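# Remarks on the overall topology
Below, each chain spelled out in residue letters.
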Amino acid sequence: LRVAVLTGGGDCPGLNAAIRAVARSCFALDWTVLGVKNGWAGLLGEGQIEELNRKSVSGILHLGGTILGTSRTNPMKREEDMAQVQDNLKRYEIDALVAIGGDDTLSVAKRLHELGVKVVGVPKTMDNDLSETDYCIGFDSAVQVVMEALDRLHTTASAHHRVLVVEVMGRDAGWVAVEGGLAGGADLILIPEVPTDIDRVCRHLERRRAAGKDFSIIVVAEGVQMPDLLVRETVPSEVDAFGHVRLDKRGVGETLAKQIEKKTGFETRVTVLGHLQRGGSPSVTDRVNGTRFGVAAVQLIREGKFGYMPALKGNKVVPVKLADAVARTKTVDVEYYKLAELFY
Ligand code: F6P
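Residues numbered from 1 in each chain as written. Predicted model: local features only at pLDDT ≥ 70, side-chain atom pairs only at ≥ 80, totals over all residues. Heavy atoms only, no water.

Before going further, it helps to spend a moment on the site of the ligand. Around the ligand, the neighbouring residues are Arg72, Met126, Asp127, Met169, Gly170, Arg171, Glu222, His275 and Arg278. One of the side-chain N or O atoms of Arg72 is found 2.9 Å from an oxygen atom in the ligand. Here Glu222 contributes a side-chain N or O atom positioned 2.5 Å from an oxygen atom of the ligand. For the ligand, the accessible surface in isolation is 400 Å², of which the surrounding protein chains cover 80%. At a threshold of 2 Å from the grid points, most atoms of the ligand map onto the largest pocket. (Near = heavy atom within 4 Å. Polar contact = N/O pair within 3.5 Å; in protein donor to acceptor, adjacent residues only side chain to side chain. Areas by Shrake-Rupley, 256 points an atom, 1.4 Å probe, with all protein chains shown as cover. 1 Å grid on protein atoms, 1.4 Å probe; cavity = no way out; pocket = protein on both sides within 12 Å on 5 of 7 lines; lining within 4 Å. Sits in = over half its atoms within 2 Å of the grid points.)

Next up on the list: a nonpolar patch on the surface. A surface patch of nonpolar side chains, amounting to about 350 Å² of accessible area, comprises Leu339, Leu342 and Phe343. Topologically, Phe343 is positioned in the segment after helix H10 (334–341). (Patch = residues over 30% accessible without salt bridge, like charges linked within 9 Å, V, L, I, M, F, W, Y side chains within 5 Å. Salt bridge = Lys/Arg side-chain N within 4 Å of Asp/Glu carboxyl O. Helix = DSSP H or I, 4+ residues; strand = E, 2+ residues; numbered from the N terminus.)

Here we come to the sheet that holds strand E5 (residues 119–123). Strand order in the open sheet formed by 5 strands is E3-E2-E1-E4-E5, and the pairing between neighbours is mixed. With one partner strand each, in any of the chains shown, strand E3 (49–52) and E5 form the two edges of the open sheet. The mean angle between the axes of side-by-side strands here comes to 25°, regardless of whether they run parallel or antiparallel. Inspection of the sheet shows strand E1 (residues 2–7) paired to strand E2 (residues 32–36) by 4 bridges, in the parallel sense. Residue pairing in the sheet places Arg2 in a bridge with Thr32 of E2. (Pairing = 2+ DSSP bridges. Axes fitted to C-alpha atoms, helices over the stretch in contact; angles between N-to-C directions.)

Right, let's talk about the layout of surface pockets for a bit. The calculated volume of the largest pocket comes to roughly 700 Å³. In terms of lining residues, the largest pocket is bounded by 37 residues, among which Arg72, Asp127, Arg171, Glu222 and Arg278 are the most central. Residue assignment for the lining of the largest pocket shows that the elements contributing at least two residues are helix H3 (103–114) and strand E6 (163–168). Examining the composition of the lining of the largest pocket, we find that 3 residues originate from one element, H3, more than from any other. Broken down by class, the residue content of the lining of the largest pocket amounts to 8 nonpolar, 13 polar and 16 charged. Taken together, 14 residues form the lining of the second largest pocket, with Leu188, Thr196, Arg200, Tyr337 and Glu341 sitting closest to its centre. When residues of the lining of the second largest pocket are traced back to their parent elements, those giving at least two are strand E7 (188–190), helix H6 (198–210) and H10. Sorting elements by how many residues they give to the lining of the second largest pocket places H6 first, with 5 residues. For the lining of the second largest pocket, the class distribution of residues is 8 nonpolar, 2 polar and 4 charged. (Points joined across faces, edges and corners; volume = space filled by probe spheres on them. Nonpolar A, V, L, I, M, F, W, Y, C, P; charged D, E, K, R; others polar.)

Shown next as structure tokens:
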């Protein structure tokens, strides 16, 4: 068989582990592997597709990013583009496609499957918010960055007796904020799933001061819902091809820090972790799960289980339907969020 693999959406550590696993599993079966460059963009126009060999996937396990490149290109925006993707798959004689990505990338894969393309997915998003899987590649490495940042920020917050606001990624789901905040000992975690208001945040900080805690660290997810927080309005040019607003433009952390300082008088600073959360070497979990998912994706192709992706459930890798994985966002369980509250 000729199997193509692509990575779409935001990059993150662990993608190369998955690419390597797909390729090595195919080589073991004497199949040909083609690397599609830059996500769905690589299947438009003339196609940006190259054969992968043992050499091209060697020495990449420990590397962040993706050797294939990625993009947020959305071929579903134009029917002609969807047709061109299918034409290119035929032209390059691709028998099966492995799409590694999050909600956006896998929504395209799901649509292609409905159109008769033989495609399987691999769950990847540092937001960890795909349904039907306990884990998505990139999450653990991101949380590790948040934890290390909080460790560093603790010492400076304590030395200066300041409030430190740490903005982390997380559009609709606060997994990175909650898990990173739990691991790094945050004094307050604000996530999109649990709306709050500025007064409640300030009252919490004042209570902590009154109890003798002379510094506080707040972890805030960029997608937090605080109606009275006057975040910057986003303009249409700040919306990506899948219709998502560029949340970094909202300035949630900066606005929150300013308003806290104004309302409480506590000296406040902000750190925006941004793309640091998507960089660097993959953690053990991302290398191992990337590898397990990559191998399982090829197994799905062998079994003819198209329109599926491997998912982690407990410690088992099991097939789930792409349609179910992208049907809704896996948001943070409120009970889990409450666990962190115990340590505020
Ligand atoms: O891929 C998901 C994500 O990491 C979001 O949490 C974040 O809002 C977004 O990507 C940032 O996207 P970009 O890389 O396009 O700035």
